[in-house]
Structure formats: C-alpha cells, structure tokens
Amino acid sequence: MSTPRQPSRGSGDRKPQRPAGARPPASDPRRNPARGAARTPSRNPGERPRAPRQRTSEQRRPSAGQSRRPAGRPQPRTVRLGDSRRRLRLITVALTLVFSIFAGRLVQLQLLDSDTLAVAAGANQYYYAKLSAERGSITSSDGVALATTVDAYDVVADPTFYPPDKTRIPDAPEQAAALLAPILGRSKDQLAAALHTPKTKWVMLAPRQSPEVKKQITDLRASLTKQTDTKECRAQRALLGKPAEQGGRQYLDSACVNPLVGLGFTDSKQRVYPAGGVAANLVGFVNSDGVGTGGLELQYQKELAGRDGRVTYASGAGRVVPTSAGGSQQLPVPGLDLRLTVNRDIQWAAQRAITDQVANAGAEKGYVVVQDVKTGQILAMATSPGFDPNNLRAAKADQLGNAAVQDAYEPGSTAKLMTMAAVLDTGSAKWDTHVTVPNTLQRSDRVFHDDIDHPTWYLTLAGVLAKSSNIGTIEAAEHLGKTQQESNRILGDYLHRFGIGQPTGLGFPGETRGILAKPETWSGSQQYTVPFGQGLSVSALQATSVFSTIANGGVRVTPSLLAGTTGPDGRYTPAPAGEQTQVVKPETAKTLTEMLESVVSDEQGTGGAAQIPGYRVAGKTGTANRVDPKTGKYSGYTASFIGFAPAEAPRVTVSCVIQDPVNGHFGGQLCGPVFKQVMEFTLKTLHAAPSGSEPPNLPVDWKP
C-alpha cells in the first residue's frame, strides 16, 4: 500500500508572504508561541483539520489554584498598576516643600530684608548730581569787585581721535598741541603728551578758560574745517586704503586734516580778580578746585563757598526718566559776599609807592599799612613784590603771602614809642625831663652807642625821642622801677598791653604773633636792647596798631579787614566793631603825640622827610639790624617810618617797612618819602581838613 504523498501546495495553498519588519497578525500563533501551542492541537499527516472546539466559560476559566497556562510553559509578565493614593501623597509632600521654600523667601524679602532692598533699589533707580553753589564775591569798601566768579569752560579732548589710523596723519597730537599752546598758555610737550593716551577717552587740557579762549578755539577749528574741505583734499580721501598701483594713500597731507576735531568744552566756573595785583596779598587766591588757599579766600572759605545743592532723577537703563515720581531737587545756597574795609584807591596808591621804593632801594621786600585810628579798620595793606592771582604760575612761592602780617622783624626805634609811653604813664618822667646822653654807655657785657658818634648830648625826654637816641632810651627805661628786674617787668607789661607777642585779632592765615620773651628771662644785654626795639620782633600790623593806639587817645582797637557781608537774600550785615582796650591814659597819649610831632617838625628830628604841607604829622623813624630768616644771624637793616595825621585830630596811621635795602638804610631816608606819598593821597581821598594850627615844637635839648 503506497504511502499517501504530501499534497503539494499550489498558489492558493502557499503561505502568505509578510513584508519584512511587519508584525504577524494577532491570530498568528507566531506572535505568542505559548498561545499558539495551546490553541493548535497536533494532527497526523493527511488528517483533515478539525474545526475549533467551542469552550464554555467553565472550560475557559481555570479553577482556583489551577494555573492559567499549562505546566512547563513560560509565564507571561504581569503589569500591575501603581497605588494612586500613594502617588498622590508623594506629589502632595513635594508641592508642600516647594511652596514652603517660596513662602520662606517671600517672608525674607517682604519682612526681614525689605529696608535693605529698598535702599539698594533706590540706589539703582535714582541718579544723584551735585549742584555747585556760586562762590561769593570779595569787594572793596565801595563795592568794587576784587574777586568774583564768572562762567568759564574746561578745554577737554578725546585722545582716541588722534591715532594715525583715525586722523590719517602721523603726528596729529603734535599738530594740535602747536595750535593750542599759544592760546591756552601751556607748553606743546605737555599738551601733546595728554593727547598721546589713546586708551583714555577724556583728558583735561586746560581748566576754567574764559569765553574768549573758547571762541578762539572754536573759530580756529571752524577755519581748519573749511580749509580741509577742498577738491584736492576730497580727492586724497578717495584714495585712502586703495592699492599703490591705483594711486592709493595711507596718510593725508596735513593741510587736509583738522587736528582739533577731538576737542570739546565743559561748563565750569572761574575765579577772577579784576584788580589784578591790587590787594592780592590780602584777597589771596583759590586752588584748581576753586577752594580758597591763601589770604581772605582761605580765611573765609566756608562763608564764601556757600552750600552745594543736589538734584535726584529717576533713571532706567542709564537714561533719565523725567516724568517719574521720587525725583527731588535741593537748590544750592550761594556763598556770602564779603565787603572789605580796604579802600581801593588808597590800596592802589600804597601798592605803587612801596613797589617803586623797594626797586629804588634794591631791597628784598617792603610793606605799607594804612589804618583808621578810630575804628581799627585797615584801609590798605600793600606788599612788594606782589603777585597777580590771575596768573599764579608767574609768581614765586615767597610772594604769595602777606608779609605785612606774616613777617616778624625787629622794629628798632619805632618801638621806643612804647618805652616812652611806659615812662610817662607810670610818672617815672615827663616830656621835659633832662637826660644826659654820653657817646657810649656800658651796660652788662656790652657797650651801647647811638647811630652816629656824638659828643655828650643834653636832651629832654622829647629830645631823646626826636633824635632817636638808644642810650637816652635805656636811661629812661631804667627809671621805671627801683631795680632792673622791676623795670623789666613794667616795660614787659606795657609791651603786652600794646599787643606785642600776641595775635592782632585779625585772624589772617599765617599771621605771626611776634616774639616777646617773658621779662624774667631777658638776658643781660636783652634787658637793655628791648627798650630801643632790638631783642623782640613784631609784624608791620602790630607796629601800626601801636601808633594808632596813641593817636586814638591811648585806646587800642582790634584791627579789622571785614566791613560786613551780604547774604543770598541781598541783606547786608555789618561786621561787629573791634574790641577796645585802654592801654595808656589819654593825657599820656596826648603828650606822646606832641613828642612825635617834634620828630617830624624839629630840625633836629629824624623824620623831616615825612612832613606834609598843611598838615601836622606825628611819627617816628626806625633803623634796626635785620635778622636774616635763612641764617638766623644779623645781616643788613630794616628801615621803617610810622606816623599819623592830622596830629591834632588824627584820622589815619600809615606805616612803611623796607627789608634789607642796598641803596641807603635809614628809616627816615627810605620810608619817610613813602609815608608822605601815601599819607597825602589818603588825606585827600578822605577829604581830611588841613590842620588849623602849628605843631607845639617841644624843646629837644637843654643847656647844662
């Protein structure tokens, strides 16, 4: 019996071809081998397939404990859904933590750090700018400005404009410096060096220049711009950077470049002194920041400077927000205007007179002081050589001060007035007391003599002052007390009353107190030199005040320079009157005035050069050995003359001091003419009536 042959598969029996990568259908047993094995029973070859058997629900569902799959077959992975309640708890905890962090940070920002953050926010939100106060003016007694503030301009530059690749010329800084140097008054090298800093976008070339300087530079820059806009220059610019074969250029001709394109101007203020050198030693000057550095500019810095204001703007992204809230403005308060007691015309006359005489005498320096004897006000205080505060670069350091109050010098014979005042005021002698004056006098370890050799003089006390005898003054001072120590003490007390060795009360910067040792420390020779003005030092203002005290009936008035101030509201406030001190009795002052007249009017007096026609003049000459401040040793002379007029009704005191003259050295010879010139001008300026009487002409000598 033949074995039945496996029937061949025809095209209809062929197994369907599945595309590569395609998944078998869900019914394909290959998709789940286990399921296919379970559902497809084995059959014999040639056996007709049987129809699938229908299972009941009981047959399809396994009983409890019975495996869903036949034994020995792989178990499929079971996917279980997570616990939704647990997941919800985790999410709740996470959200709680996040919200807790936010809440804590919010509490920190709103409660704990709110003030600090507000300040920081304000600092970043607002822009603050200073509003400079205008500096007050300084005027003479008639209201004419001696120092004032005007609009000015700082000349600045941007050095990044000047490299060769920008200007197209190799030496642009040098060309700009050459053009600016004569206008700004600065050296070419200094200006060129400032422009040779390309990493800096701003340099100051010249601060506080006048509007005239700005116009000069502006006009010059416009002229250069016009000159460079020519057909030839435009053609050169078109060739810049092109190849050489096409006529290219690397640089332009200098005539086609404006080297001032990098300049600019910023608004500023400038302190100017319309009177130039007149009263410069008094007024002083300011530094580059506009702060008072010398004279009254320094003394009254706070009052003149005023109070700066401030403006606040809201800002955003570096720009001002003008409509925002929170902006504020505090206006500046201008400084006070100072009105001085100085008469501008008298100051000018004093300045001219002392300058001329210092030059004629070949002296180191000199000074003149003019004081009102009744009020103590300074009408003039001139120093030579002086300086122009508008051009400080031209002044030497030792010219910038006020020597009339800052120099301490040995006064010489002008100090004899104080010795005579002590003798008369204590009743130790009278003006007509007879004094025998030998040619020399031995005291302590020294031999004293007068300026000239002479036979024995027989002088009155008035004659001792008129002829300026050192020996006669020593003899008079010895009678102040029963012992030399007591005489020293009494004389020292009077010197102190006159203000020697203490501040004048002016309060001027750098003012000297003078030098006056305590009487108990005076050396053997010093106790005899102090009476005639050596061994002590004074300032010119102190010496002037001594004579004003006698002219004022023995009452010393504290010197003053400030007449009053004018505030921003325009209200003028007078300065308080100077303090008054009775130094000697009025009758003593009257006698001393008559004795001083003899110095000028008597033919034997040393002050004949100070006579003024029509006016009675009281004064005293002085010639002292000068202490060189550099070596501390005597070198040269100090010549002086101090007096007041009209003697019968004194109005003003004028003092003249000349240091280290070469052409002559006597006070009457050098300072007498200066006194006369300044006093005549002052009396005419003040409309002082001429004297209606003759001087008393007290006898100078007596016959034994």
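Values in this document were obtained by computation on a predicted structure and should not be read as measured data. (Residues numbered from 1 in each chain as written. Predicted model: local features only at pLDDT ≥ 70, side-chain atom pairs only at ≥ 80, totals over all residues. Heavy atoms only, no water.)

S.K.: Pulling in residues and values, what's your account of the overall build of the chain?
M.R.: Along the chain, the regular secondary structure elements total 22 helices and 24 strands. By residue count, 43% of the 704 residues in the chain fall in the buried class. For the chain, the proportion of contacts with a sequence separation of at least 24, taken over those separated by at least 6, is 71%. (Helix = DSSP H or I, 4+ residues; strand = E, 2+ residues; numbered from the N terminus. Buried < 20%, exposed > 50% of the residue type's maximum accessible area, 1.4 Å probe, protein only. Contact = heavy atoms within 4.5 Å.)

S.K.: Can you explain the environment of Glu174? Please cite residues and give values.
M.R.: Relative to the assigned elements, Glu174 resides in helix H6 (residues 172-184). The sequence separation of Glu174 and Lys188 amounts to 14 residues, and the corresponding C-alpha distance is 7.3 Å.

S.K.: Give a detailed account of helix H17 (residues 470-477), specifying residues and quantitative values.
M.R.: Burial runs high along H17: eight of the eight residues are buried. Among all positions of H17, only Asn470, Ile471, Gly472, Thr473, Ile474, Glu475, Ala476 and Ala477 are buried. The opening residue of H17, the one whose side-chain oxygen lies 3.5 Å from the backbone nitrogen of Ile471, is Ser469. (Polar contact = N/O pair within 3.5 Å; in protein donor to acceptor, adjacent residues only side chain to side chain.)

S.K.: Describe the UniProt feature "transmembrane region" (unreviewed entry) in the chain, and please don't skip the residues or the numbers.
M.R.: In the numbering used here, UniProt assigns the "transmembrane region" (unreviewed entry) feature to residues 88-107. Strand forms 0% of residues 88-107 and helix 100%; the C-alpha atoms that close the span are 28 Å apart. (UniProt positions renumbered as here; feature names shortened; annotations may be inferred.)

S.K.: Break down the sheet that holds strand E12 (residues 365-372) for me, with residues and values.
M.R.: Pairing is antiparallel across the open sheet formed by five strands, whose spatial order is E13-E12-E24-E23-E22. What marks the edges here is a single partner per strand, and that holds for strand E13 (378-384) and strand E22 (618-627). Each neighbouring strand pair of the sheet contributes to a mean axis angle of 10°, computed without reference to strand direction. One ladder, built from eight bridges, connects strand E23 (residues 634-645) with strand E24 (residues 652-659); its direction is antiparallel. The residue bridging Ala639 from the neighbouring strand is Ile658, located in E24. Along the sheet, helix H21 (residues 586-601) contacts E22 and E23; its crossing angle with E22, the most-contacted strand, is approximately 75°. (Pairing = 2+ DSSP bridges. Axes fitted to C-alpha atoms, helices over the stretch in contact; angles between N-to-C directions.)

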